[in-house]
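What the coordinates show
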Amino acid sequence: MKKFSPAAGTALASIFAAVFAMTATSAARAADAVEQIPEAPVAIETAAPVFTWSGPYAGLHGGYGWGNGDLNTGAGTFSDNFDGGRFGGFVGYNWQMSNGFVAGIEGDVNYDWNEESIGTTDVSSGFSGSARARLGYAMDRALPYIAGGWTATNVKAEGPGIDTDDTLHGWTIGAGVDYAFTDNIFGRAEYRYNDFGSGNLGGADIDFDQHIVNVGIGVKF
């Protein structure tokens, strides 16, 4: 039998060592190549803008008023109901706070179609207006609120030998809800009580108060 020489064994061992070293190096380079594969880009999500009631607004409203007038002529007191439709416009500004409360100011001008006859005299109220402070709480796009402040209306008396008018000043209080259909358009429904105080029509004292319901639509800028 032919025996391997020590020199041949040494050479064979060197070949195995070289092959092992090359294999290990190739595996390491392959692993590095896998690790260096670029990651897919991560999509950045942008948060949707949060709706706020802050800012100026304006709108139109219409509704119905139930009024009560007392006319004291000295010869007696006459009372009657002054009910009718109404139409007007409003402007205002809101400040929404971080806790959800919304404070605001608002003014409006209206015209009421109501006229009644007291004896032979036609008595009516026409133009009215108010300036109110508002406080509400934002429930996302719904804003329930209360409001109150100053109000005034013009009353007129026409009849035989009389043609006079007066402006009555008083106070108003009420509540309602605004609802935003879009970021800029909102609807409104509200109730209001107006106490216009007293005035003088041709020497007769008049007292007038009113309950009203309005519905409207507005634009938030």
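Details of the structure are given in the entry above.
What counts and what doesn't
- Residues numbered from 1 in each chain as written.
- Predicted model: local features only at pLDDT ≥ 70, side-chain atom pairs only at ≥ 80, totals over all residues.
- Heavy atoms only, no water.
- Helix = DSSP H or I, 4+ residues; strand = E, 2+ residues; numbered from the N terminus.
- Pairing = 2+ DSSP bridges.
- Phe/Tyr/Trp six-rings, centres within 6.5 Å; stacked < 30°, edge-to-face > 60°.
- Buried < 20%, exposed > 50% of the residue type's maximum accessible area, 1.4 Å probe, protein only.

Remarks on the environment of Asp 205
As for its placement among the helices and strands, Asp 205 is situated in strand S8 (residues 204-220). When the C-alpha atoms of Asp 205 and Thr 77 are compared, they prove to be 9.1 Å apart, with 128 residues separating the residues in sequence.

Some thoughts on the pairing of strand S7 (residues 185-201)
For strand S6 (residues 162-180) and S7, the ladder comprises 10 bridges, and the chain directions are antiparallel. Of the residues in S7, the one forming a bridge with Asp 178 is Arg 188. Here S6 folds back onto S7, and the loop between the two strands holds four residues. Pairing of S7 with S8, which is carried by 15 bridges, proceeds in the antiparallel orientation. The residue bridging Asn 194 from the neighbouring strand is Gln 210, located in S8.

Points about the packing of aromatic side chains
Scanning the entire structure with this criterion turns up 13 aromatic pairs. Plain terms: the ring middles of Phe 101 and Tyr 137 are 5.2 Å apart, the flat faces sit at 75 degrees to each other, and that makes the pair edge-to-face. With Phe 101 in strand S3 (residues 101-118) and Tyr 137 in strand S4 (residues 121-137), this residue pair connects regions lying 36 residues apart in the sequence. The partly exposed category is assigned to Phe 101, whose relative accessible area is 37%. Given the relative accessible area of 38%, Tyr 137 is considered partly exposed.

Honestly, it's all geometry; don't read function into it.
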